[in-house]
Amino acid sequence: MVIKKLSAMLFCFFVIASCVNNLDFSQIEEYSISPEYTVSLTYFTISPPQFFNQGGLQLPEISDITDFRGLENSYARDKLLKLDFNVEIKNEFDRDLTIQISFLDDNMNVTHRFNDLKVNANNLNYTFDETIEVSTNPNIKTTTKIKVLILDNSAVPLDASAKTEFEFKSSIKIYVNV
Amino acid sequence: MFKIKKLLLLFFIVLAVKTFSQNKQLLYGFAELPQTLLLNPGAETNYKFHVGLPLLSGFSAEFGATGFTVSDLFTVDNRSINDKVSAVLNKLTTKDNIKLNTQIEILNAGFRLNDKNYVSFGFYQEIDAILYIPKDPLSLIIEGNSKYLNKNFDVSQVLFKADALGVLHLGITRQVSDRFTFGARFKIYSSALNIESTNNSGTFTTVNGADNIYAHYLDNLDVNLRTSGVVANDEYIDNPKTYLGNTFLGSNSGIGIDVGFTLHLSDQLEFTGSIVDLGFMNHKKNIKNYSIKGSYTFDGIEFGYNPDNSINYWSDLENDFTEKVPNGENQDSYISWRPTKLNTSIKYSFGQKRSKRCYDNSYKDFYRNALGVQLYSVFRPLVSQLALTGFFEKSFSEKLQAKFTYTIDDYSFYNIGAALSAQIGKINFYGMIDNIAQFSDIASANSISLQLGINIIFN
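The structure presented is a predicted model; accordingly, all values stated were derived computationally and were not measured.

1. Re the overall build of chain B
Okay, so step 1: A count of helical and extended segments in chain B gives 6 helices and 24 strands.
Okay, so step 2: C-alpha atoms of chain B, sized along the principal axes, occupy 100 × 50 × 40 Å.
Okay, so step 3: Put simply, chain B has 459 residues, and 52% of those count as buried.
Okay, so step 4: Residue pairs in contact within chain B that sit at least 24 positions apart in sequence constitute 70% of those at least 6 positions apart.
Okay, so step 5: Total accessible area on chain B is roughly 20400 Å²; 61% of this is exposed by carbon and sulfur atoms.
Okay, so step 6: Counting 42 positive and 44 negative side-chain charges, chain B places the centres of these two groups 14 Å from one another.

2. Observations regarding the overall build of chain A
Okay, so step 1: Across its full length, chain A carries 2 helices and 9 strands.
Okay, so step 2: In sequence order, the secondary structure elements of chain A are arranged as α-β-β-α-β-β-β-β-β-β-β.
Okay, so step 3: Residues classed as buried in chain A amount to 43% of the 178 residues present.
Okay, so step 4: Of all intrachain contacts in chain A linking residues separated by at least 6 positions in sequence, the fraction that spans at least 24 positions is 82%.
Okay, so step 5: Accessible area for chain A stands at about 9100 Å²; split by element, carbon and sulfur atoms hold 51% of it.

3. So, the environment of Lys116 of chain B
Residues and elements named next belong to chain B.
Okay, so step 1: Residue position: Lys116 is located in the loop between β3 (97-112) and β4 (117-132).
Okay, so step 2: Spatially, the C-alpha atom of Lys116 lies 19 Å from that of Gly273, the residues being 157 residues apart in sequence.
Okay, so step 3: Among residues more than four places away in sequence, those in contact with Lys116 are Thr173, Arg174, Gln175 and Val176.

4. Overview of the pairing of strand β5 (residues 110-113) of chain A
Residue and element names in this part refer to chain A.
Okay, so step 1: Pairing geometry for strand β4 (residues 97-104) and β5, over 3 bridges, is antiparallel. Residue pairing for β5: Ser102 is matched across the bridge by Arg113.
Okay, so step 2: Hairpin connection of β4 to β5: 5 residues between the antiparallel strands, including Met108 at a positive phi of 70°.

5. What about the pattern of salt bridges?
Okay, so step 1: Summed over all chains, the structure comprises 26 salt bridges over all chains.
Okay, so step 2: Two residues, Lys169 of chain A and Glu167 of chain A, come together in a salt bridge whose shortest N-O distance is 3.9 Å.
Okay, so step 3: Salt-bridge contacts for Glu126 of chain B lead to Arg338 of chain B; the nearest nitrogen and oxygen are separated by 3.1 Å. In this pair, Glu126 of chain B is assigned in strand β4 and Arg338 of chain B in the loop between β17 (334-337) and β18 (341-357), connecting sequence segments 212 residues apart. Side by side, Glu126 of chain B and Arg338 of chain B carry an identical accessibility label, which is buried.
Okay, so step 4: The structure contains a network of salt bridges with shared partners spanning Glu126, Lys187, Asp258, Asp277, Arg338 and Lys341 of chain B.

6. Quick word on a nonpolar patch on the surface
Residues and elements named next belong to chain B.
Okay, so step 1: Among the surface-exposed residues, Leu265, Ile346, Val373, Leu375, Leu386, Leu388, Tyr406, Ile408, Phe413, Tyr414, Ile416 and Ile436 lie close enough to one another that they form a single nonpolar patch of about 1100 Å² accessible area.
Okay, so step 2: By secondary structure assignment, the location of Leu388 is in strand β20 (residues 385-395).
Okay, so step 3: Take Leu388: its relative accessible area is 40%, and that puts it in the partly exposed class.

7. So, helix α4 (residues 135-143) of chain B
Because the α-helix completes a turn every 3.6 residues, residues three or four places apart line up on one side.
Okay, so step 1: Those residues of α4 of chain B lying buried are Asp136, Pro137, Ser139 and Ile142 of chain B.
Okay, so step 2: Contacts made by the buried residues of α4 of chain B are with α3 (81-91) and β5 (153-154) of chain B.

8. Looking at the packing of aromatic side chains
For any two aromatic rings, the description comes down to two numbers: the centre-to-centre distance and the angle of the planes.
Okay, so step 1: Within this structure, the stated rule accounts for 25 aromatic pairs over all chains.
Okay, so step 2: Look at Phe44 of chain A and Phe168 of chain A: their rings are 4.7 Å apart centre to centre, the planes differ by 5°, and that puts the pair in the stacked class. Taken together, the residues span a long stretch of sequence, with Phe44 of chain A in strand β1 (residues 36-46) and Phe168 of chain A in strand β9 (residues 166-176) at a distance of 124 residues. The same class applies to Phe44 of chain A and to Phe168 of chain A, which are both buried.
Okay, so step 3: Geometrically, the ring pair formed by Phe180 of chain B and Phe261 of chain B is tilted, given 6.3 Å between the ring centres and 35° between the ring planes.

9. Quick look at unusual backbone geometry
All names here are of chain B.
Okay, so step 1: Backbone geometry at Asn220 places phi at a positive 50°, although glycine is not the residue there.
Okay, so step 2: The backbone of Asp277 shows a phi angle near 65°, a positive value even though the residue is not glycine.
Okay, so step 3: With respect to the helices, strands and loops of the structure, Asp277 is situated in strand β13 (residues 269-283).

Cut-offs applied
- Residue positions are given per chain, counted from 1 along the sequence in the order it is written.
- Numbering of ligands from 1 and lettering of chains from A proceed in the order in which they are written.
- The predicted nature of this model means local features are confined to residues of pLDDT at least 70 and side-chain atom pairs, given and counted, to a pLDDT of 80 or more, with totals for whole chains, interfaces and linings taken over all residues.
- As a convention, hydrogens and water are excluded, and side-chain values are obtained from all of the structure's heavy atoms.
- Secondary structure elements are taken from DSSP: a helix is a run of H or I of four residues or more, a strand is a run of E of two residues or more, and numbering for both begins at the N terminus.
- For every residue, the accessible area (1.4 Å probe, protein chains only) is compared with the maximum for its type, and the residue is labelled buried under 20%, exposed over 50%, or partly exposed between those bounds.
- By definition in these notes, contact holds between two residues if any of their heavy atoms fall within 4.5 Å.
- Computed with a 1.4 Å probe, the accessible areas rest on the Shrake-Rupley method; for each residue, only the protein chains presented here act as cover.
- By the counting rule applied here, Lys and Arg register as positive and Asp and Glu as negative, while His and the ends of each chain are not counted.
- By convention, the charge on Lys lies at NZ, on Arg at CZ, on Asp at CG and on Glu at CD.
- Strand pairing requires that DSSP identify at least two bridges connecting the strands.
- By definition, a salt bridge exists where a carboxyl oxygen of Asp or Glu is found within 4 Å of a side-chain nitrogen of Lys or Arg.
- Patch rule: a residue counts if its relative accessible area is over 30% and it has no salt bridge; like charges are joined within 9 Å, and nonpolar side chains (Val, Leu, Ile, Met, Phe, Trp, Tyr) within 5 Å.
- Each Phe, Tyr or Trp ring (for Trp, its six-membered ring) is paired with any other whose centre lies within 6.5 Å, and the angle between the two planes then decides the class: stacked below 30 degrees, edge-to-face above 60, tilted in between.

This is the structure in structure tokens:
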């Protein structure tokens, strides 16, 4: 009995005599993180022969498409705030080219289409930035594919033997709030 | 100022009731307590036999964090919690860590075999965990890579180890001569749970690219996570009884030893040393290990614009990544080493000389005061942790003794502790508290521990 009392007294002493400044653990509920991830996206370098089919006919447009499964995870989708899309282009071609970039869902429906990029002939430092706010473009979260189409509207035929190149680079900055 | 928050109170009560501290600088060599034999099996004892009160003979906890304190994050002020977390993260280094060690003695007993030998045995449960702050991976998760072009995010900073186990032990302390006592303890470990990720390597870097705007490099990634006792038949074990049951002679077992000595260099000068938990555990049941290894460079998806040959770029990317950075699960058995501890001390006794009655009705002289120094080291995954303690012991009588310590370690430069041991009849009671200087504001302390125990000692 004496031991029990002594134990209890000492324990109570340690607990009661010890103090803490005014703490509030509920602050943790207000904690949020807003990371910004920069990721390379698509890139390519094309030359005039790629505008010609096997029969030697010049094509008015060429396009390519890739899956993009970065937003497939529901957690990432739910926490997505906005996207900054960046493009850098070097056009050595002797003609203006138009680039159409589209984000698509699994059914090939457009979830977001960027303004057309009109790149003048011989413009070696073309840049393009566009921000997509998820709150005003909720469809963006269903994006699973990226399509890049290049249009040649020039009436003058392309010289298939020309040594010029068209260089396209892109990246995306993903803003998340957790 | 003196408001005690319920949550903090609950936290410390839980720790105090369930646990037993690790760096026991107050307990080491103190008052010939039976529990000192667990820190130095070569410690001197002076009784016929002892029995610890089951579950009450020794319990305490040690919680420590370097680089930050609870109040850094949760003090009520005008700053947002996000700002506080950022401030803490900015000042942390990769050597900063959070540790927790708890023990509870289920059984502790001993008896004198003959004039020379004292046998002690028992069973205790222990939780030991250490987490080094993975500063780079945390920055990557919390802030992302956008602000950190060219920075190598170092994956080797992912380093943690957690054990829950039971320890069955049997030791013998032999008085070799009047001046020299030696002891050893054999231990059988039974692991209830082990989770560890150590010896990882690799970096993640984003740089300005050549082919694309950016290039991302994953260099020499080699990350592993080993677990035992957590997953059975692909399901997490969520029954506490299973964990408790596995602490006693379970399938994931191991062995270890403690050795120690006490040497009287003169009548007043005593030198002691011990190695505790030199051992390992072999984990072979309910194993689930994960690993990922390789290097990869990603600079985006390169379009080919070949209408005659449509390419599934994403699928190619996934396959290429999996081939170059394979990851997988396995159930391979593995060995984990116990965190071995080293203790050593030198003590100078002085002051009034008194006599106390020994177990054999002879009398033994003792000095009322003693000054000394202790050194403690524990082997941790990254580096050994050291603690240097200066102490003063005072014997108010044969039955009432006190010890005061000043400890410098990774967690504090001014850790003052106090211990008291009292014997009323055959009942021995001891209590110890660390970090008294921080008692007015525990939340600002980098470490805290409390130990209490009750023994029945027969002279």
